[in-house]
Amino acid sequence: MVALLRKHGQDDLLRDWAERNNLAADEPGVPADEDLARRYAEITQIPPAKRQVPTADLLIQAARQHRLDAVLALLPKLPMPTYAGMSSHDRPFAAFSALRIVTTGIDHETW
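Residues numbered from 1 in each chain as written. Predicted model: local features only at pLDDT ≥ 70, side-chain atom pairs only at ≥ 80, totals over all residues. Heavy atoms only, no water.

### Things to note about the overall build of the protein
Next up, step 1: For the protein, the count of helices and strands is six helices and zero strands.
Next up, step 2: The helix and strand sequence of the protein, counted from the amino end, reads α-α-α-α-α-α.
Next up, step 3: Here the protein, with 111 residues, has 22% of them falling under the buried criterion.
Next up, step 4: Contacts spanning at least 24 positions in sequence make up 33% of the contacts within the protein whose residues lie at least 6 apart.
Next up, step 5: Surface exposure of the protein reaches about 8,000 Å², of which carbon and sulfur atoms provide 58%. (Helix = DSSP H or I, 4+ residues; strand = E, 2+ residues; numbered from the N terminus. Buried < 20%, exposed > 50% of the residue type's maximum accessible area, 1.4 Å probe, protein only. Contact = heavy atoms within 4.5 Å. Areas by Shrake-Rupley, 256 points an atom, 1.4 Å probe, with all protein chains shown as cover.)

Laid out in structure tokens, this is it:
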């Protein structure tokens, strides 16, 4: 219940619910925006040839937090597939994963 209320930004309702049920509504440690910004700053310190995997992971994390602006900002930083084939860290695969996460909440093919 706490995670659901916090996910949808209902902090006041969370505090009221916790107070009525004699529970502690612990505050989140680091806000999601600051965590995404910190991880992106860390990625910029990595050599460009090694940024693909952390960038794709950060993109998926942003999608799980429904931060479409971050997803759209990170997509151009991922490469397009080469003639050797597509990996899970290439732009089209990451875009479809992010789209599935944002629309359905999970990253599984539904067909």
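### A look at the pattern of salt bridges
Next up, step 1: With the rule as written, the count across this model stands at three salt bridges.
Next up, step 2: With a shortest N-O distance of 2.4 Å, Arg 38 and Asp 35 are connected by a salt bridge. Taken together, the positions of Arg 38 and Asp 35, both in helix H3 (residues 32–44) and three residues apart, correspond to about one turn of that helix.
Next up, step 3: The exposure class assigned to Arg 38 is partly exposed, which follows from its relative accessible area of 41%.
Next up, step 4: Residue class for Asp 35 comes out buried when judged on its relative accessible area of 16%. (Salt bridge = Lys/Arg side-chain N within 4 Å of Asp/Glu carboxyl O.)

### Focus on the confidence of the model for the protein
Next up, step 1: Of all residues in the protein, 82% attain a pLDDT of 70 or more, and the chain-wide mean is 80.
Next up, step 2: Looking across the protein, the model is least confident in helix H1 (residues 2–7), with a mean pLDDT of 65, and most confident in helix H4 (residues 52–64), with 90. (pLDDT = per-residue confidence, 0-100.)

### Observations concerning the nonpolar core
Next up, step 1: Counting residues in each nonpolar core, the largest one holds 16 residues, and the members touching the most others are Leu 58, Leu 59, Ala 62, Ala 63, Val 71, Leu 78 and Ala 98.
Next up, step 2: When contributions to this core are tallied by element, the ones reaching two or more residues are H3, H4, helix H5 (68–74) and helix H6 (91–104).
Next up, step 3: In terms of residues, this core owes the most to one element, H4, which gives six residues. (Core = buried A, V, L, I, M, F, W, Y, C linked by side-chain atoms within 4.5 Å.)

### Side note on the packing of H4 against H6
Next up, step 1: Where H4 contacts H6, the axes come no closer than 8 Å and their chain directions differ by 20 degrees. As judged from the angle between their axes, H4 and H6 are roughly parallel. Regarding H4 and H6, the two cross each other, and that crossing is right-handed. Along the contact surface, H4 presents Leu 59, Ile 60, Ala 63 and Arg 64, while H6 presents Ala 94, Ser 97, Ala 98, Ile 101 and Val 102. (Axes fitted to C-alpha atoms, helices over the stretch in contact; angles between N-to-C directions. Parallel < 35°, antiparallel > 145°, perpendicular 65-115°, else oblique. Left-handed = near helix turned anticlockwise from the far one by under 90°.)

### Topic: H3
Residue pairs three or four apart in sequence face the same way in an α-helix, which turns once every 3.6 residues.
Next up, step 1: The terminal C-alpha atoms of H3, which comprises 13 residues, lie 19 Å apart, in line with the 18 Å expected from a rise of 1.5 Å per residue.
Next up, step 2: Listed as buried for H3 are Asp 35, Leu 36 and Ile 43. All buried residues of H3 fall inside an arc of 100 degrees around its axis, so they share one side.
Next up, step 3: Contact partners of the buried residues in H3: H4. (Expected span 1.5 Å × (residues − 1). Arc of directions from axis to C-beta.)

### So, the environment of Leu 78
Next up, step 1: Position of Leu 78 relative to the elements: it lies in the loop between H5 and H6.
Next up, step 2: Put simply, Leu 78 and Thr 55 are 23 residues apart on the chain and 7.2 Å apart in space, counted from C-alpha to C-alpha.

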